[in-house]
Amino acid sequence: MKNLKQLMVSLTLAAAVLAADTACAQETGALDGEIRAGVTRTISAPYSGTVGDFTVSAGDELRAGEALFALSAQDVTADFDGTVTAVFAQRGDSTAAMQDYYGALLYIERDVLYTGACTTSGAASDNENKLIHPGERVYVRSTNESKRKGEARVLGVQGNSYTIEVTSSSELRVGESIKVYRESDYDADSCIGSGRLERVDPVAVTAEGYVLAVDVEEGQHVRRGDLLLRAVPDAPRGGRDGTDEVTMPEDGVLLSVNVESGAKADRDGVLATYCPAGAMELVCSVDENDLAGLSVGMEARVELDGAPGESIRATLERIARTANEKGEYDVTFSLEQSDALRIGMSATATVK
């Protein structure tokens, strides 16, 4: 009888221990936490510049290659119509080095090949023929061969001297003497003077800093105002395509935007931070008394408060060695990718 009583006491104690263990397991099996960014990466400025207007903000989900910001670059445009005859610069080149060696980054031969330094000497006696006006259209003809002629425009006037540029010509030659007329029939009464033709030198295109992109190629005809190249203050970093846009490097969610429109960004300065797609995790704060029932590698199911019915597979990845600000320990679960996940969401992990 005594033995029976002892057996009953032992069974009662064992049942109590089992019940306590079961209660502990149930308590540690459901862990409340928050969805956080498991990885934070930075997006930095590839060169110095002023940040243009932008529309992205923290929390935006973006695809790789989407435009985030534009950084100002120096646009170098054509001053005259002409043909690009030589391109020496390429992306990343120091403009100073290229210009020291080649004299320019590229050269353009103008559509206007000749200019003329002229005077009213030899003009018809009418006083009006001695009053030359900037911008007026005139006609020129060789004094050696009347078949060589062309059209021109007056560029500037100083006293009895004026300069013309030949806009079209038929076999006119460098260095030859010409007569200038107001009428296309070259009537002597319309003669306004004489001069000598000179070749127009190719235009040397220069800039300061480093070449971000060259937008023309040899043999290309350009118009005044066409974009030739873009330059930035310092050597552009990375394998960008030469645009002034900073783009999303991979799919992900913006965590922060660290600049404002109109602000000056330094090379390698942080413009924004982001969490790559698939890098979210669940972090639960666990009391020290519940840690004994947890181990790395355990599987769990995660329920999202903001997405009822959504169940996500998870794996326990880390158990913190130091307590957090609440005196508890962070337990971190990796998560299978799901469109329902949002950083900051509340969630519950049920450990198997």
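Placed above this text is the structure.
Parameters and conventions
Residues numbered from 1 in each chain as written. Predicted model: local features only at pLDDT ≥ 70, side-chain atom pairs only at ≥ 80, totals over all residues. Heavy atoms only, no water. Helix = DSSP H or I, 4+ residues; strand = E, 2+ residues; numbered from the N terminus. Rg over C-alpha atoms; globule rule 2.2 N^0.38 Å. Buried < 20%, exposed > 50% of the residue type's maximum accessible area, 1.4 Å probe, protein only. Contact = heavy atoms within 4.5 Å. Areas by Shrake-Rupley, 256 points an atom, 1.4 Å probe, with all protein chains shown as cover. Lys, Arg positive; Asp, Glu negative; His and termini not counted. Charge placed at Lys NZ, Arg CZ, Asp CG, Glu CD. Pairing = 2+ DSSP bridges. Patch = residues over 30% accessible without salt bridge, like charges linked within 9 Å, V, L, I, M, F, W, Y side chains within 5 Å. Salt bridge = Lys/Arg side-chain N within 4 Å of Asp/Glu carboxyl O. Phe/Tyr/Trp six-rings, centres within 6.5 Å; stacked < 30°, edge-to-face > 60°. Lys NZ or Arg CZ within 6 Å of the ring centre and 35° of its normal. Disulfide = S-S within 2.5 Å.

Draft legend 1. Summary view of the overall build of the chain. Each helix and strand in the chain was counted, giving two helices and 27 strands. Over its C-alpha trace the chain gives a radius of gyration of 40 Å, far above what one expects of a compact globule, namely 20 Å for 352 residues. In terms of principal-axis extent, the alpha carbons of the chain reach across some 150 × 40 × 30 Å. Out of the 352 residues in the chain, the part that is buried amounts to 37%. By sequence separation, contacts in the chain at least 24 residues apart represent 70% of the contacts at least 6 residues apart. Looking at the chain as shown, the accessible area adds up to about 19,300 Å², and 45% of this sits on carbon and sulfur atoms. The averaged location of the 57 negative side-chain charges in the chain is 4 Å from the averaged location of its 33 positive side-chain charges.

Draft legend 2. Highlighting the pairing of strand 1 (residues 30–37). Here strand 1 pairs with strand 27 (residues 346–351) via five bridges, running antiparallel. Bridged to leucine 31 within strand 27 is alanine 349.

Draft legend 3. Quick look at unusual backbone geometry. At glutamate 171, a residue that is not glycine, the phi angle is positive and equals roughly 70°. Counting through the fold element by element, glutamate 171 comes out in the loop between strand 12 (161–170) and strand 13 (177–181).

Draft legend 4. Spotlight on a nonpolar patch on the surface. Together, Phe88, Tyr101 and Tyr102 make up an exposed nonpolar region whose accessible area comes to about 330 Å². Tracing the backbone shows tyrosine 102 in helix 2 (residues 95–102). By relative accessible area, tyrosine 102 is classed as partly exposed at 33%.

Draft legend 5. Inspection of the packing of aromatic side chains at higher detail. If you walk through the whole model with that rule in mind, you get six aromatic pairs. Geometrically, the ring pair formed by phenylalanine 88 and tyrosine 102 is stacked, given 4.1 Å between the ring centres and 5° between the ring planes. Here phenylalanine 88 is found in the loop between strand 7 (82–87) and helix 2, whereas its partner tyrosine 102 is found in helix 2, with 14 residues between them in sequence. Arginine 110 extends its terminal NZ or CZ atom over the ring of phenylalanine 80, reaching a point 4.0 Å from the ring centre.

Draft legend 6. Quick peek at the state of the cysteines. Evaluated as defined, the whole model comprises zero disulfides. Cysteine 118 takes part in no disulfide bond, and the closest cysteine sulfur to it belongs to cysteine 191, at a distance of 10 Å.

Draft legend 7. Representation of the pattern of salt bridges. What the rule picks out here adds up to 14 salt bridges. For arginine 230, the salt bridge goes to aspartate 215, with nearest N and O atoms at 2.8 Å. Taken together, the residues arginine 230 in strand 18 (residues 227–232) and aspartate 215 in the loop between strand 16 (210–214) and strand 17 (221–222) connect sequence positions 15 residues apart. Residue aspartate 215 is classed as partly exposed on the basis of its relative accessible area of 31%. Sharing partners across several salt bridges, the network here consists of Arg110, Arg153 and Glu165.

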